[in-house]
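These are the residues of each chain, in order.
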Amino acid sequence: MARSVLCRGVSVVQLSRWTPLLSAPRCYSQSEPEPLTLSQQNHGIRRIILNNPKKRNALSLSMLETLRENILTDVDSEDLRVIIISAKGPVFSSGHDLKELTSAQGREYHMKVFQTCSEVMALIQDIPVPVIAMVNGVATAAGCQLVASCDIAVATEKSTFATPGVNVGLFCSTPAVAIGRAVPRKVAMEMLLTGTPISAHDALLHGLISKVVPEDRLEEETLGIAQRVCQSSRPVVALGKATFQRQMAQGRDAAYATASKVMVDNLALRDGQEGIQAFIEKRKAMWSHKPENVHD
């Protein structure tokens, strides 16, 4: 009898649309565990899919390490322009795996979990390409932190967001770092102190996400944003993203000084000058996607 197999959990139709990221797809028999994430790339867009719906896509240490690897692989390649993070199942991510946080695991292991999580969240904001969260379902605790850490977040109308750690005796202090920088302080504190979920529309109102769409339009809308990012110069986008993160942590005057210098640096890029010349000549810009200066 022939065995039924899955190729990284992706159908043949999906594989025809998305080129596997690292190598030819590894096939798993149904008796083997599926990979924690699926990673595919095509036309500059890398899609990372959390693939552990049976455990509510919990951000276990293994999941975090796998996610970090998916993000970092060839991150400086000119072929990579934007990353989309989504999830299988009705839960985007329920946050940390609480079974890893019992006293039996020990303090050293707990430190490794939270340090790795913090590294992944910071990495999302520090890499040179934009990262988009595509959310269709529940995002709680560190799962909500993941959404807040992304540059853009598109969610369906049925999605909800919460930091319920306080209800199980573990205040969501690390999620609060990202969430507190995304929403007004009093909104963040209500979420953290009560654990009460907020709707997608409230999340949009308070700035946690970028857009709310019907479920049947989620992929179309998210890919539309990603494709628009791909139309711009990679080094220009990278410079702009890094500068935005830097100046947001500064006072007004320092932020203007930083941004003014970077505008001059941007003008020195070959792609910066190409864009201006294309506009003047009323033609489409021909981006090099290389971080080279005009006089290099």
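An account of the accompanying structure is given in this report. All of these numbers come straight from a predicted model, not from anything done at the bench.

Thresholds, definitions, all that
Residues numbered from 1 in each chain as written. Predicted model: local features only at pLDDT ≥ 70, side-chain atom pairs only at ≥ 80, totals over all residues. Heavy atoms only, no water. Helix = DSSP H or I, 4+ residues; strand = E, 2+ residues; numbered from the N terminus. Buried < 20%, exposed > 50% of the residue type's maximum accessible area, 1.4 Å probe, protein only. Contact = heavy atoms within 4.5 Å. Areas by Shrake-Rupley, 256 points an atom, 1.4 Å probe, with all protein chains shown as cover. Axes fitted to C-alpha atoms, helices over the stretch in contact; angles between N-to-C directions. Parallel < 35°, antiparallel > 145°, perpendicular 65-115°, else oblique. Nonpolar A, V, L, I, M, F, W, Y, C, P; charged D, E, K, R; others polar. Pairing = 2+ DSSP bridges. Arc of directions from axis to C-beta. Polar contact = N/O pair within 3.5 Å; in protein donor to acceptor, adjacent residues only side chain to side chain.

Attention now moves to the overall build of the protein. The helix and strand inventory of the protein stands at 11 helices and 13 strands. Per-residue burial for the protein yields a buried fraction of 45% across its 296 residues. If you take every contact in the protein between residues at least 6 apart in sequence, the share linking residues at least 24 apart comes to 67%. By element, 56% of the accessible surface of the protein is carried by carbon and sulfur atoms, the whole surface being about 15,900 Å².

For the pair helix H9 (residues 234-248) and helix H10 (residues 252-268), interaxial distance at closest approach is 10 Å and the crossing angle is 170°. Between H9 and H10, the crossing angle belongs to the class labelled roughly antiparallel. Of H10, the residues touching H9 (which contributes Val-236, Leu-239, Thr-243, Arg-246 and Gln-247) are Ala-255, Thr-258, Ala-259, Val-262, Asp-265 and Asn-266. The residue makeup of the contact of H9 with H10, split by class, is 5 nonpolar, 4 polar and 2 charged.

Before going further, it helps to spend a moment on the side chain of Lys-241. Structurally, the position occupied by Lys-241 is in helix H9. Note on Lys-241: relative accessible area 8%, which makes it buried. Sequence-distant contacts of Lys-241, that is, excluding residues within four places in its chain, are made with Ile-124, Gln-125, Ile-127, Val-129, Pro-130, Val-131 and Asp-151.

This part takes up the pairing of strand S4 (residues 37-42). S4 sits mainly inside the fold: 6 of its 6 residues count as buried. What you see with S4 is no split at all: Thr-37, Ser-39 and Gln-41 on one side and Leu-38, Gln-40 and Asn-42 on the other are buried throughout. Counted between consecutive antiparallel strands, the loop separating S4 from strand S5 (residues 45-50) contains 2 residues, among which His-43 sits at a positive phi close to 50°.

Moving on: helix H6 (residues 185-194). Residues Val-187, Ala-188, Met-191 and Leu-192 constitute the buried set of H6. Buried residues of H6, seen end-on, are gathered within an arc of 130° and therefore sit on one face of the element. Exposed residues on H6 whose side chains face more than 90 degrees from its buried face are Arg-185, Lys-186, Glu-190 and Leu-193. Elements in contact with the buried residues of H6: helix H4 (142-149), strand S11 (160-162), helix H5 (173-179), strand S12 (198-199) and helix H7 (200-206). Count one or two residues on from H6 and you reach Gly-195, which has phi positive near 75°.

Let us look at the side chain of Arg-46. With respect to the secondary-structure elements, Arg-46 resides in strand S5. From its side chain, Arg-46 meets the backbone oxygen of Asn-70 in a polar contact 2.9 Å long. Polar contacts involving the side chain of Arg-46 include one to the main-chain carbonyl oxygen of Thr-73, which spans 2.7 Å.

Right, let's get into the sheet that holds S11. Whenever strands of a sheet pair, they do so through backbone hydrogen bonds, lying parallel or antiparallel. With mixed pairing, the 4 strands of this open sheet are ordered in space as S7-S9-S11-S12. The strands lining the two open edges of the sheet, one partner per strand, are strand S7 (91-93) and S12. Bridge count between S7 and strand S9 (residues 138-140): 2 bridges; the pairing is parallel. By the bridge assignment for S9, Val-91 is matched with Val-138. Sheet contacts for H4: S7, S9 and S11; angle to S9, the most-contacted strand, approximately 100°.

Moving on to the pairing of strand S8 (residues 131-135). In terms of residue burial, S8 counts as a mostly covered element, since 5 of its 5 residues are buried. Here S8 shows two buried faces, one formed by Val-131, Ala-133 and Val-135 and the other by Ile-132 and Met-134. Note: strand S6 (residues 82-87) against S8, 3 bridges, orientation parallel. Pairing of Ile-83 across the sheet is with Val-131, part of S8. As judged from the 4 bridges shared by S8 and strand S10 (residues 152-156), these two strands associate in the parallel manner. Considered in S10, the bridge of Val-135 is made with Ala-155.

Of note, Gln-125 is situated in helix H3 (residues 107-126). Spatially, the C-alpha atom of Gln-125 lies 6.8 Å from that of Cys-150, the residues being 25 residues apart in sequence. Apart from the residues within four sequence positions on either side, Gln-125 is in contact with Ala-148, Ser-149, Lys-241 and Gln-245.

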